[in-house]
Amino acid sequence: MAEELGSSASAPTTTSSSSSWAKTRSLWPSILRWIPTSVDHIIAAEKRLLSLVKTPYVVEQVNIGSGPPGSKIRWFRSTSDEPRFINTATFQSKEDSPTLVMVHGYAASQGFFFRNFDALANRFKVIAIDQLGWGGSSRPDFTCKSTEETEAWFIDSFEEWRKAKNLGSFILLGHSFGGYVAAKYALKHPEHVQHLILVGPAGFSSESESKLLEVWVLGVQILYTATQLLDLVHIQLEKCLTEEESKLLSDYVYHTLAAKASGELCLKYIFSFGAFARMPLIQSASEWKVPTTFIYGFEDWMNYQGAQEARQRMKVPCEIIRVPQGGHFVFIDNPTGFHSAMFYACRRYISPKPENESLPEGLTFA
């Protein structure tokens, strides 16, 4: 751990100049200081963060093998045949609760849902994962050479995880880039997805469908996402996080971002500049086979108009719900509103009379 400036008993009396310097240094973002990290550090930071969760849970490293059997595309292209693992947290639930699998976004990990696990575990069997190459999961060298290979890295590794966990069908939630992965998975394996929930999903628009200014604005935003995760803890969420939550989340975010780059390197193959998908989901909306709910915070920089256009092309039930007092990380910004949106979206699975359910107060349809 990086040492702070002089605290020894023999140190001279602090001057106003040195005091000012120490204060300035303490404000430096952690990312500018060298602090050792590893998957073990990530798991330890995750454990500290999840100590805030009251619901009992089990964390396991699920072995997904060294490559999808029979696949012509090896997601790793590695010279090693060592097995890979998906870090998985499963929360205690009531018997016969529907299964909800939660997939995090770009440069994030499953601990980002720490404010949601207790509420959701009251209604669902919640399973949260770190995608291959992120969080506490294995971080193979990223050697994909195309969009197809990169999508296979995430989709096929998730399918191998599903097989290893012996899951039949489940509700699948994906946030941001995780929404892109979840949607692509549902397109390839609709038989395993009861309902698809996309929270501020990326990948619904193509660059050719957007104005140049929008391309530049969104480009700056997506390139800034990883750094924003730290700012989000210290600045954007100041008003809604407790001091303990902020400290533990900040520590967790640092270790997940400072670890060996792996899944993060997918970006150039999935998106062109401006966060516009090279293989946009809007193009396959008519092929959707799974009922879908989109959830957006009112202040989310992901544009919900892409979801509106996709809905027009879909042949399955689709709702778009907007949550007040929330941005791109709506489930952290306004967990109560997010949970209300989730329970409404999944009313068919958790309510005895879903037809009598109405949209909770404060939420709006788009």
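Scroll up a little and you will see the structure.
About the criteria used
Residues numbered from 1 in each chain as written. Predicted model: local features only at pLDDT ≥ 70, side-chain atom pairs only at ≥ 80, totals over all residues. Heavy atoms only, no water. Helix = DSSP H or I, 4+ residues; strand = E, 2+ residues; numbered from the N terminus. Buried < 20%, exposed > 50% of the residue type's maximum accessible area, 1.4 Å probe, protein only. Contact = heavy atoms within 4.5 Å. Areas by Shrake-Rupley, 256 points an atom, 1.4 Å probe, with all protein chains shown as cover. 1 Å grid on protein atoms, 1.4 Å probe; cavity = no way out; pocket = protein on both sides within 12 Å on 5 of 7 lines; lining within 4 Å. Points joined across faces, edges and corners; volume = space filled by probe spheres on them. Phe/Tyr/Trp six-rings, centres within 6.5 Å; stacked < 30°, edge-to-face > 60°. Salt bridge = Lys/Arg side-chain N within 4 Å of Asp/Glu carboxyl O.

A.B. asks: Can you help me understand the overall build of the protein in this one?
C.D. replies: Scanning the protein for helices and strands turns up 13 helices and 11 strands. Burial status across the protein gives 54% buried among its 366 residues. When contacts within the protein are restricted to residue pairs at least 6 apart in sequence, long-range pairs at least 24 apart make up 76% of them. Surface accessibility of the protein: about 17,000 Å² in total, with carbon and sulfur atoms responsible for 52%.

A.B. asks: What should I look at first to understand empty space enclosed by the protein in this one?
C.D. replies: To find the voids left in a structure, one rolls a probe of water-molecule size over its atoms. Per the counting criterion, the structure on display carries three cavities of 30 Å³ or more. There is about 50 Å³ of room inside the second largest cavity. If you go around the second largest cavity, the residues you meet are Ile-86, Ile-129, Gln-131, Leu-132, Phe-154, Ser-157, Phe-158 and Trp-161. By residue number, the principal contributor to the lining of the second largest cavity is helix α4 (residues 147–165), which donates four residues.

A.B. asks: Help me understand the packing of aromatic side chains in this model?
C.D. replies: Two descriptors summarise a pair of aromatic rings, namely the distance from one centre to the other and the angle between the planes of the rings. Scanning the model with the defined rule gives 25 aromatic pairs in all. Relative to Phe-177, the ring of Trp-134 lies with its centre 5.7 Å away and its plane at 85 degrees, an arrangement referred to as edge-to-face. Residue Trp-134 is found in the loop between β4 (125–129) and α4, and its partner Phe-177 is found in helix α5 (residues 177–188); the two are separated by 43 residues along the sequence. There is no split in this pair, since Trp-134 and Phe-177 are both buried. Ring centres of Tyr-180 and Phe-271 lie 5.9 Å apart, and the angle between their planes is 55 degrees; this geometry places the pair in the tilted category. Of this pair, Tyr-180 sits in helix α5 while Phe-271 sits in strand β7 (residues 271–272), placing them 91 residues apart in sequence. As far as burial versus exposure is concerned, Tyr-180 and Phe-271 are alike and both buried. Here a set of aromatic residues connected by ring pairs shows up, and it is made of Tyr-106, Trp-134, Phe-142, Trp-153, Phe-154, Phe-177, Tyr-180 and Phe-271.

A.B. asks: Even after reading the chapter, I still don't get the pattern of salt bridges, so can you show me in this structure?
C.D. replies: Opposite charge on two side chains permits them to pair, given that their charged atoms come into close proximity. According to the stated counting rule, one finds 11 salt bridges in the structure shown. Linking Lys-165 and Glu-60 is a salt bridge whose minimum nitrogen-to-oxygen distance equals 2.4 Å. Of this pair, Lys-165 sits in helix α4 while Glu-60 sits in strand β1 (residues 57–65), and the two are 105 residues apart along the sequence.

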